Amino acid sequence: MKQSPPIIYTWTDEAPYLATFAFLPIIRAFAAAAAVPVETCDISLAGRIIASFPENLSSEQRETDGLAELGELVQTPEANVIKLPNISASIPQMKAAISELQNKGYDLPDYPEEPGSDKERDAKERYDRIKGSAVNPVLREGNSDRRAPRAVKEYAKANPHRMGKWAAGSKTHVSTMSDGDFRHNEKSVTFSAPTTVRFEHVDRDGKISTLKEDITLEAGEILDGTFMSQKDLVAFLKEQISDAKEKNVLFSLHMKATMMKVSDPIIFGHAVKAFFSQLFENHSSTLDRIGVDVNNGLGDLIDKISSLSQDEVKAIQSDLESAYTEGPGLAMVNSDRGITNLHVPSDIIIDASMPPMIRDSGGMWNTEGELQDCKAVIPDSSYAGVYQAVIEDCQTHGAYDPSTMGSVPNVGLMAQKAQEYGSHDKTFEIENDGSIRAIDAKGKLIFEHHVEKGDIWRACQVKDAAVRDWVKLAVTRAKATGAPAVFWLDKERAHDEQLIAKVESYLKEYDTSEISIHILSPAEATQFSLERIRKGEDSISVTGNVLRDYLTDLFPILEIGTSAKMLSIVPLMNGGGLFETGAGGSAPKHVQQFEEEGHLRWDSLGEFLALAASFDHLGEQFGNAGAKLLGETLDEATAELLLNRKAPSRKVNELDNRGSQFYLAMYWARALANQKTNPGLAERFKPIADSLAKNETTIVKELNDAQGPAQDLGGYYKPDSELAEKAMRPSSTFNSIIGAI
């Protein structure tokens, strides 16, 4: 038997970070009873910032680069990592985290948006490596298997969540570009032999500038290049603003500025300028003078005009109000606080904003705090048709019924920074008219794009080994479930054409005679899946990286009300396991509520599911019978938790995250006490189970009584550990029982 490696549990951000203070002692106590070591690794935004500037800090302040350590670990067979949701930082979030750390005494440089020295350029380069979706591409050395566990799905059917009623004559629709976007300008090639590639810009005078060089490509690897035309984008945005006004629907922009951390903030900035065009035309010199960056949203302008004279502020606010009055209604992120859809790019993450809109009858919130039909503006057309297909299906057939609908699990291509996740360091805003060329090691032109100033050009790669593993995982899941596996690939798109050739070739290596495999465009695949969903049938979506991100929020939110309850397993290509605790982000609003009234409504069900899968992996791969038993009994406990409705409430002085974790521990101890496989563990946990049951009323009262008062955590991005632990473990009775295991 191979030696069983430790479980690595990650410290991340916001709500899951706080929940870890309550759950980690439980994990360690139960795991220790079966001799399973549990270690932790800090990959929080604050931790990654601190690790990036060791030379600026004292020895007491320095932290190891946890992400780099995990990046090495996930390439080994011993990897067993439980990864919680983390912040994919926008620039405003980055600046806020830096400011908080500076106030705590960390000698960190400011984020230099326009660096003027080598020192500032170095600081910006370090910060930019942290910005956006910087964590996932490092850890995901495998493809994704994400699905709703049976217990979760059955619970959702028995206790269906609320679905909005689609009104007859709904005007909600998706608007996307028909030309000039990333999809339509894409060029793609598969390399037959290893090589290196460089990207260069050639201006109209023939001057050559190297954008990036020494890009290593393997045999069989796919390379794409494409661009978004600024001219076409701006024209499109202006058309949609006018059309929204004419149709009397809300203008609602939907982007992925965290994942597409270079391109999408730029696109977002163009939308802000288009909506408030008169304001920017009238006050451009003033706004330039105070350093307003539209890529950070309208909120950046509102924050920075406070430094102006009263007359200047009044003039800008007048034009702001005129834009609101004369333009279409603008979708709101927070109607009560006046936060619009264009305030902050990280507030309108497409996979978090579109599914609730569809679930809630196709409306976004207006300024009155009421749902209203909207124009969902998704500039790039690569995947916009997916959402339009769902909207049209609901307009025709009405809302879905969670008590009967089928499921759409996902097999996602994401290994080795596949597709757009790997484009961050290969995305450029064009400074001068000319062309972008991809040149191989022999000086051969691979492809070329003619571009203009302001266009956004990007490239990305997909390694052949990642595609092979993706096809293998799709076939494995189809055989395991009997559900049809659908590759969501568009033969009319350049990149997908390359992938289809590989998929068709690699499928021949498997016996697929008893399973159903389809290759359909994203819009066709959506319609196929929706038809089956309404009949209560499942279908596996086999998608690229971005669609994996989108669909693993879309379908779970429709099926079970949330994406946080999904089981997400990443079988790492070298034999290890990465277990992700659902989707849905790190829930900043949950933290706000906890700070205000001591109630954390974060549901740790995703953590429970991932931990059980992690134990099971140790049992299967390393012959660890104790770990396997812990996983089996944890699954039993999780099912009981769902049946007894012990998920966190949204209201203060009711069961919250801490209470839910107490019940999980009580049910888990009972399952271990009642099992017959390991009498020693049963004997050890019987008094624990009895004690937890006997003290249930006392413990729940202690946990609920701790709610109500505001909580001082000593920080948002880097809370004080002692304050956070005290806040998250307020029941002395529960703590003493867990400590006695």
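Further up the page is the structure itself.
Below is a summary of the structure that appears in this document. This one's a predicted model, so the numbers in the text were calculated from it and none came from an experiment. Each chain has its residues counted from 1, following the order in which its sequence is written. Local features in this predicted model are restricted to residues whose pLDDT is 70 or higher, and side-chain atom pairs enter the listing and the counts only when it is 80 or higher, whereas totals over whole chains, interfaces and linings include all residues. The basis for every side-chain value is the complete set of non-hydrogen atoms in the structure, without hydrogens or water.

**Looking at the overall build of the chain**
For the purposes of this entry, the term helix denotes a DSSP run of H or I that reaches at least four residues, the term strand denotes a run of E that reaches at least two, and both are numbered from the N terminus. Looking only at helices and strands, the chain features 26 helices and 24 strands. In summary, the chain has a C-alpha radius of gyration of 26 Å against a globular reference of 27 Å for 741 residues, a match within 12%. Summarising its shape, the C-alpha atoms of the chain cover approximately 80 × 65 × 65 Å along the three principal directions. Exposure is judged per residue with a 1.4 Å probe applied to protein chains only, and the accessible area is read against the type maximum: over 50% gives exposed, under 20% gives buried, and values in between give partly exposed. When the 741 residues of the chain are sorted by exposure, 60% land in the buried category. We call two residues in contact whenever any of their non-hydrogen atoms come within 4.5 Å of each other. Here the analysis covers contacts within the chain between residues at least 6 apart in sequence; of these, 78% occur between residues at least 24 apart. Of the accessible surface of the chain, which amounts to about 29600 Å², a share of 45% is contributed by carbon and sulfur atoms. For the purpose of charge, His is not counted, nor are the chain termini; Lys and Arg are scored as positive and Asp and Glu as negative. Here the site of a charge means atom NZ of a Lys, CZ of an Arg, CG of an Asp or CD of a Glu. Charge centroids of the chain, computed over 79 positive and 110 negative side chains, lie 3 Å from each other. In this treatment the radius of gyration is a C-alpha quantity, and the globule benchmark scales as 2.2 Å times the residue count to the 0.38 power. Accessible surface area values rest on a Shrake-Rupley calculation with a 1.4 Å probe, where residue burial reflects the displayed protein chains alone.

**Things to note about the pattern of salt bridges**
Here the idea is simple: oppositely charged side chains can pair when their charged atoms come close. Salt bridges are defined as contacts in which a side-chain nitrogen from Lys or Arg sits within 4 Å of a carboxyl oxygen from Asp or Glu. For the coordinates displayed, the defined rule picks out 46 salt bridges. We note a salt bridge from Arg162 to Asp360, for which the minimum N-O separation is 3.2 Å. Taken together, the residues span a long stretch of sequence, with Arg162 in the loop between α7 (150–158) and β5 (173–175) and Asp360 in the loop between α13 (350–359) and β13 (363–365) at a distance of 198 residues. Judged by its relative accessible area of 9%, Asp360 falls in the buried class. Put simply, Asp549 and Arg548 hold a salt bridge, and the shortest N to O gap is 3.4 Å. Several salt bridges share partner residues, and in doing so they unite Lys256, Asp351, Arg548 and Asp549 into one network.

**A short note on the sheet that holds strand β19 (residues 456–462)**
One bridge is not enough; two strands pair if DSSP finds at least two bridges between them. One open sheet holds the four strands; their spatial order is β6-β9-β19-β16, and the pairing between them is antiparallel. Of all the strands in the sheet, the pair left with one neighbour each is β6 (187–190) and β16 (427–429). For this sheet the average axis-to-axis angle between neighbouring strands, irrespective of direction, equals 10°. Here three bridges tie β16 to β19, and the two strands are oriented antiparallel to one another. Counted as the bridge partner of Phe428 is Trp457 from β19. Most of the contacts of helix α16 (residues 494–507) go to β6, to which it runs at about 25°, and overall it touches β6, β9 (222–228) and β19. A fitted line through C-alpha atoms serves as each axis, taken over the contacting stretch for helices, and the angle formed by two N-to-C directions is quoted from 0 to 180°.

**Remarks on the packing of aromatic side chains**
The relative placement of two aromatic rings is captured by the distance of their centres and the angle of their planes. Put simply, two rings from Phe, Tyr or Trp (the six-membered ring, in Trp's case) pair if the centres are within 6.5 Å, and we call them stacked under 30 degrees between planes, edge-to-face over 60, tilted for the rest. Counted by the stated rule, this structure contains 22 aromatic pairs. Positioned over the ring face of Phe182 is Arg458, at 4.0 Å from the centre of the ring. Should the NZ of a Lys or the CZ of an Arg lie within 6 Å of a ring centre and within 35 degrees of the ring normal, that charge is described as sitting over the ring. Over the ring of Tyr663 we find Lys646; its NZ or CZ atom is 4.5 Å from the centre of that ring.

**Observations concerning the packing of helix α20 (residues 605–622) against helix α21 (residues 625–643)**
Between α20 and α21, the least distance of the axes is 7 Å, while the angle of their chain directions is 155°. Overall, the two elements α20 and α21 adopt an arrangement that is roughly antiparallel. For the crossing formed where α20 meets α21, the hand is left-handed. Contacts between α20 and α21 involve Leu605, Phe608, Leu609, Leu611, Ala612, Phe615, Asp616, Leu618, Gly619 and Glu620 from the former and Ala627, Lys628, Leu630, Gly631, Leu634, Asp635, Thr638, Leu641 and Leu642 from the latter. Each residue receives one of three labels: charged for Asp, Glu, Lys and Arg, nonpolar for Ala, Val, Leu, Ile, Met, Phe, Trp, Tyr, Cys and Pro, and polar for the others, Gly being one of them. For the contact of α20 with α21, the residue count by class is twelve nonpolar, three polar and four charged. Any angle that falls under 35 degrees is termed roughly parallel, while one over 145 is termed roughly antiparallel, one within 65 to 115 roughly perpendicular, and all others oblique. Helix crossings get a hand from a simple test, with the near helix turned counterclockwise from the far one by less than a right angle marking a left-handed crossing and a clockwise turn marking a right-handed one.

**Description of the sheet that holds strand β3 (residues 80–83)**
Whether parallel or antiparallel, the strands of a sheet pair through hydrogen bonds between backbone atoms. Strand order in this open sheet of ten strands is β2-β1-β3-β24-β23-β4-β15-β22-β20-β21, and the pairing throughout is mixed. The sheet is open, and its two borders are formed by β2 (38–42) and β21 (517–520), each paired with just one other strand. Taken over all neighbouring pairs, the strand axes of this sheet differ in orientation by 20° on average, direction set aside. Relative to strand β22 (residues 540–543), strand β15 (residues 410–412) is paired through three bridges, and the arrangement is parallel. Pairing of Asn410 across the sheet is with Ser541, part of β22. Across the sheet, helix α1 (residues 14–33) touches β1 (7–11) and β2, and the angle it forms with β1 is around 165°.

**Things to note about the nonpolar core**
The term nonpolar core refers to a set of buried residues drawn from Ala, Val, Leu, Ile, Met, Phe, Trp, Tyr and Cys, joined through side-chain atoms within 4.5 Å. Counting 79 residues, the largest nonpolar core has Phe30, Phe615 and Trp668 as the members making the most contacts within it. Look past the residues within four positions of Phe615 in its chain and what remains in contact with it is Ile7, Ala31, Val36, Ala627, Lys628, Leu630, Gly631, Leu634 and Trp668. With 39 residues, the next largest nonpolar core counts Phe182, Leu237, Ala323 and Ile348 among its residues.

**Here we look at the state of the cysteines**
The criterion for a disulfide is a pair of cysteine sulfur atoms lying within 2.5 Å. Throughout the structure, instances matching the rule amount to zero disulfides. Considering cysteine sulfurs only, Cys394 is the nearest to Cys374, which forms no disulfide, with 13 Å between them.

**Quick look at the side chain of Thr226**
By the element assignment, Thr226 lies in strand β9. Note on Thr226: relative accessible area 3%, which makes it buried. Within the structure, Thr226 has its side chain in polar contact with the backbone oxygen of Phe182 (distance 2.5 Å). Excluding its chain neighbours within four sequence positions, the residues that come into contact with Thr226 are Asp181, Phe182, Asn185, Glu186, His449, Ile456, Trp457 and Arg458. Here a polar contact is recorded for every N or O atom pair within 3.5 Å, except that within protein the pair must consist of a potential hydrogen donor and a potential acceptor, and residues adjacent in sequence are included only if both atoms are side-chain atoms.

**Quick word on helix α9 (residues 263–275)**
Each helix should span, by expectation, one fewer than its residue count multiplied by 1.5 Å. With 13 residues, α9 extends 19 Å between its outermost C-alpha atoms, agreeing within 8% with the 18 Å of an ideal straight helix rising 1.5 Å per residue. In terms of residue burial, α9 counts as a mostly covered element, since twelve of its 13 residues are buried.

**Regarding the pairing of strand β7 (residues 195–203)**
The buried fraction of β7 amounts to seven of the nine residues, a majority that puts the element mostly inside the structure. Here β7 pairs with strand β8 (residues 208–217) via seven bridges, running antiparallel. Residue Glu200 lies in a different strand from β8, and its bridge partner there is Thr210. Between the end of β7 and the start of β8, which pair antiparallel, lie four residues, with Gly206 showing a positive phi angle near 90°. Taken together, the seven bridges between β7 and strand β17 (residues 434–440) define a ladder with antiparallel strand orientation. Within β17, the position partnered with Phe199 by the bridge is Ala438.

**Observations regarding unusual backbone geometry**
What is expected of a backbone is that most residues other than glycine have negative phi and most peptide bonds are trans. The backbone phi angle of Asp214 is positive, close to 55°, even though this residue is not glycine. Positionally, Asp214 belongs in strand β8. Residue Asp214 is classed as exposed on the basis of its relative accessible area of 60%. Positioned with a positive phi, Ser361 is a non-glycine residue whose angle comes to about 80°.

**Thoughts on empty space enclosed by the protein**
Put simply, the grid is 1 Å and covers the protein atoms alone, a cavity is a trapped set of points that fit a 1.4 Å probe, a pocket is an open set with protein on both sides within 12 Å along at least five of seven lines, and lining residues have an atom within 4 Å of a point. Grid points are joined across faces, edges and corners, and a volume is the space filled by probe spheres set on the points. Counted according to the given criterion, the structure contains five cavities of 30 Å³ or more. By volume, the largest cavity is sized at about 230 Å³. Along the wall of the largest cavity there are 19 residues; nearest its centre are Met260, Asp264, Ile378, Asp380 and Tyr550. Elements with a minimum of two residues in the lining of the largest cavity: α9 and α18 (545–560).

**Observations concerning the environment of Asp203**
Tracing the backbone through its elements, the reader meets Asp203 in strand β7. By relative accessible area, which is 17% here, Asp203 ends up buried. Not counting the four nearest positions on each side in its chain, Asp203 is found in contact with Asp433 and Gly434. Reaching out from Asp203, the side chain makes a polar contact with the backbone nitrogen of Lys207 at a distance of 2.8 Å.

**Brief notes about helix α12 (residues 310–326)**
For α12, with 17 residues, the first-to-last C-alpha span of 24 Å sits near the 24 Å given by 1.5 Å per residue. Contacts from the buried residues of α12 go to α9, α10 (277–289) and α11 (298–304).

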